[in-house]
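# Secondary and tertiary structure notes
Below, each chain spelled out in residue letters.
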Amino acid sequence: MSILDQFRGLFSSDMAIDLGTANTLVYVKGKGIVLSEPSVVAYHVKDGVKKVLAVGEDAKLMLGRTPGSIEAIRPMREGVIADFDTAEEMIKHFIRKVHKRSTFSKPKIIVCVPHGATPVEKRAIRQSVLSAGARRAGLIAEPIAAAIGAGMPITDPTGNMVVDIGGGTTEVAVLSLGDIVYARSVRVGGDRMDEGIISYLRRQQNLLIGETTAERVKTSIGTARMPDDGRGTSMQIRGRDLLNGVPKEIEVTQAQIAEALAEPVQQICEAVMTALETTPPDLAADIVDRGVMLTGGGALLGDLDLALREQTGLAISVADEPLNCVALGTGKALEYEKQLRHAIDYDS
């Protein structure tokens, strides 16, 4: 690190970034979470040259509604970078938005990565953050960050189980003494649930809907188990009729959505069961005692905790702010860096 970099470091506040598939959150040391925006970038393509039009909230409104010259893409897929240049632009934009005076600032940044990320994927995230203007880039495993953010006592010698359901991946981990005993990352999350709703309506109702509509259905009436009356609440949705090609509006019920989401929910349950099977017996005993903590946006799906409880027989609780858990945990790792030094990886 050069003297200039150290000098610049004095002017900048360090940050923690939760680079999610669906949303990116930025935590600034001493201030808390200052930014939470969708991970979407919109481009204008002219003569093969890309020019960034909008990032975050504005770009999300363009998803699925762009003319030929504009592309709206999500640079993160399944928790890792799918489009390198775009991801870099997005990180740059968010850092600039948080740091008003940008000439001097060279912040230290900690980013969380899915536990299942390969070394290549980790390096891609690190490179993007460094070229976006960070002085140092540290990586922390997502399950550890989620558990810290949910307020679990992970440094104690007891077993803690956390299930972090994000947009692209679900991380199931058993933690003890501040590190991971067992972790498994399955590529099922909010996106897979949206896809499930789209394909269900296409098959059963001959209606084609976009991702934005599917997400709205999921957040409004999505549920992980059949409603007791076999129907539940309903809502009106609009899409394109596949039989005669005209737009139309239909009513969908909670029971239909529960059926559409059955597969992703089952995959999440299976991941939890596998984790429990491979946990050492003493830690498993602690988990029976303490239960399982659900974090991430997917934890907001209706009755998901009940569906998991039926399958596992364990006490399942949802974190207070499931959407912010990972960002809060990554931020805490930044604040208490000395105690959590072993969990943050600065060089690879």
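What you are looking at is a predicted structure, and each value in this text was computed from that prediction instead of being measured.

### Regarding the sheet that holds strand E15 (residues 234–241)
- The strand order across the open sheet built from three strands is E14-E15-E16, with neighbouring strands paired in antiparallel fashion. A single partner strand is all that each edge strand has here, and the edge strands are strand E14 (207–208) and strand E16 (247–253).
- Relative to E16, E15 is paired through seven bridges, and the arrangement is antiparallel. Bridging across to E16, Arg-240 finds its partner in Pro-247.
- With respect to the sheet, helix H7 (residues 211–221) is in contact with E15 and E16, its orientation differing from that of E15 by roughly 170 degrees.

### With respect to the domain arrangement of the protein chain
- You can read the domains of the protein chain as domain 1 (1–38 + 73–140), domain 2 (143–186 + 264–322) and domain 3 (189–259).
- Computed over C-alpha atoms only, the centres of domain 2 and domain 3 are separated by 28 Å.
- Contact residues are listed per partner, giving 16 residues for domain 2 and ten residues for domain 3.
- When domain 2 packs against domain 3, the two sides together hide about 980 Å² of surface, and 61% of this comes from carbon and sulfur.
- By the criterion of area lost to domain 3, the three top residues of domain 2 are Gly-167, Pro-264 and Leu-301, representing 39% of everything that side buries.
- A salt bridge links Arg-225 to Glu-310, with the shortest nitrogen-to-oxygen separation between them at 2.7 Å.
- Only helix H9 (262–277) and helix H11 (304–312) provide two or more residues apiece to the side of domain 2 that touches domain 3.

### Brief notes about the layout of surface pockets
- Counted as a void, the largest pocket has a volume near 1,100 Å³.
- As for the largest pocket, its lining consists of 48 residues, and the residues nearest its centre are Ala-22, Asn-23, Asp-191, Glu-215 and Lys-218.
- Elements supplying a minimum of two residues to the lining of the largest pocket: strand E1 (15–19), strand E2 (23–28), strand E11 (160–165), helix H6 (190–205), H7 and E15.
- Examining the composition of the lining of the largest pocket, we find that six residues originate from one element, H7, more than from any other.
- Classifying every residue of the lining of the largest pocket by side-chain character gives 15 nonpolar, 20 polar and 13 charged.
- Of the pockets and cavities examined, the second largest pocket occupies roughly 160 Å³.
- Around the second largest pocket, the lining residues are Arg-192, Glu-195, Gly-196, Ser-199, Tyr-200, Arg-203, Glu-259, Ala-260, Ala-262, Glu-263, Pro-264 and Gln-267.

### Looking at unusual backbone geometry
- Of note in this structure, Asn-206 is not a glycine but carries a positive phi near 55 degrees.
- The partly exposed category is assigned to Asn-206, whose relative accessible area is 27%.
- One non-glycine residue, Asp-303, lies in positive phi territory at about 60 degrees.
- Along the polypeptide, Asp-303 turns up in the loop between strand E17 (292–295) and H11.

### Notes on the environment of Thr-330
- With respect to the element layout, Thr-330 can be found in helix H12 (residues 325–335).
- Sequence separation of Thr-330 and Ala-16 is 314 residues, and the distance between their C-alpha atoms is 5.7 Å.
- Beyond its immediate stretch of four places on either side in the chain, Thr-330 contacts Ala-16, Ile-17, Ile-110, Val-111, Cys-112, Ile-140 and Ala-145.
- Of note is the side chain of Thr-330, whose polar atom sits 2.6 Å from the backbone oxygen of Val-326.

### A closer look at the pairing of strand E9 (residues 108–113)
- Counting buried positions along E9 gives six out of six residues, so the element sits mostly inside the fold.
- Relative to E9, E1 runs parallel, the two being bridged by three bridges. Directly across from Ile-17, in E9, lies its bridge partner Val-111.
- Where E9 meets strand E10 (residues 136–141), six bridges bridge the pair, whose relative direction is parallel.

### Details of the confidence of the model for the protein chain
- Averaged over the protein chain, the pLDDT score is 83; the fraction of residues at 70 or greater is 94%.
- Per-residue pLDDT, averaged within each element of the protein chain, yields its smallest value for helix H1 (residues 3–11) (55) and its largest for E14 (90).

### Examining the state of the cysteines
- Considering all chains together, one arrives at zero disulfides under this definition.
- Note on Cys-112: no disulfide assigned, nearest cysteine sulfur contributed by Cys-325 at a separation of 12 Å.
- Lacking any disulfide linkage, Cys-269 is separated from the closest cysteine sulfur, that of Cys-325, by 20 Å.
- The exposure class of Cys-269 is buried, given its relative accessible area of 2%.

### Quick look at H6
- With 16 residues, H6 ought to run about 22 Å at 1.5 Å a step, and its terminal C-alpha atoms sit 22 Å apart, in line with that.
- Along H6, the positions that sit buried rather than exposed are Gly-190, Asp-191, Met-193, Asp-194, Gly-196, Ile-197, Ile-198, Tyr-200 and Leu-201.
- Phi for Asn-206, located one or two positions after H6, is positive at around 55 degrees.

### Let's talk about the pattern of salt bridges
- Counted according to the given criterion, the structure contains 13 salt bridges.
- Arg-135 is paired through a salt bridge with Asp-14; the nearest N and O atoms lie 4.0 Å apart. Highlighted residues: Arg-135 in the loop between helix H4 (119–131) and E10 and Asp-14 in the loop between H1 and E1, separated in sequence by 121 residues.
- Through salt bridges that share partners, Asp-14, Lys-108 and Arg-135 make up one connected network.

About the cut-offs
- Residues numbered from 1 in each chain as written.
- Predicted model: local features only at pLDDT ≥ 70, side-chain atom pairs only at ≥ 80, totals over all residues.
- Heavy atoms only, no water.
- Pairing = 2+ DSSP bridges.
- Helix = DSSP H or I, 4+ residues; strand = E, 2+ residues; numbered from the N terminus.
- Contact = heavy atoms within 4.5 Å.
- Axes fitted to C-alpha atoms, helices over the stretch in contact; angles between N-to-C directions.
- Domains from an automatic or database assignment.
- Buried area = accessible area lost by both parts, 1.4 Å probe.
- Salt bridge = Lys/Arg side-chain N within 4 Å of Asp/Glu carboxyl O.
- 1 Å grid on protein atoms, 1.4 Å probe; cavity = no way out; pocket = protein on both sides within 12 Å on 5 of 7 lines; lining within 4 Å.
- Points joined across faces, edges and corners; volume = space filled by probe spheres on them.
- Nonpolar A, V, L, I, M, F, W, Y, C, P; charged D, E, K, R; others polar.
- Buried < 20%, exposed > 50% of the residue type's maximum accessible area, 1.4 Å probe, protein only.
- Polar contact = N/O pair within 3.5 Å; in protein donor to acceptor, adjacent residues only side chain to side chain.
- pLDDT = per-residue confidence, 0-100.
- Disulfide = S-S within 2.5 Å.
- Expected span 1.5 Å × (residues − 1).

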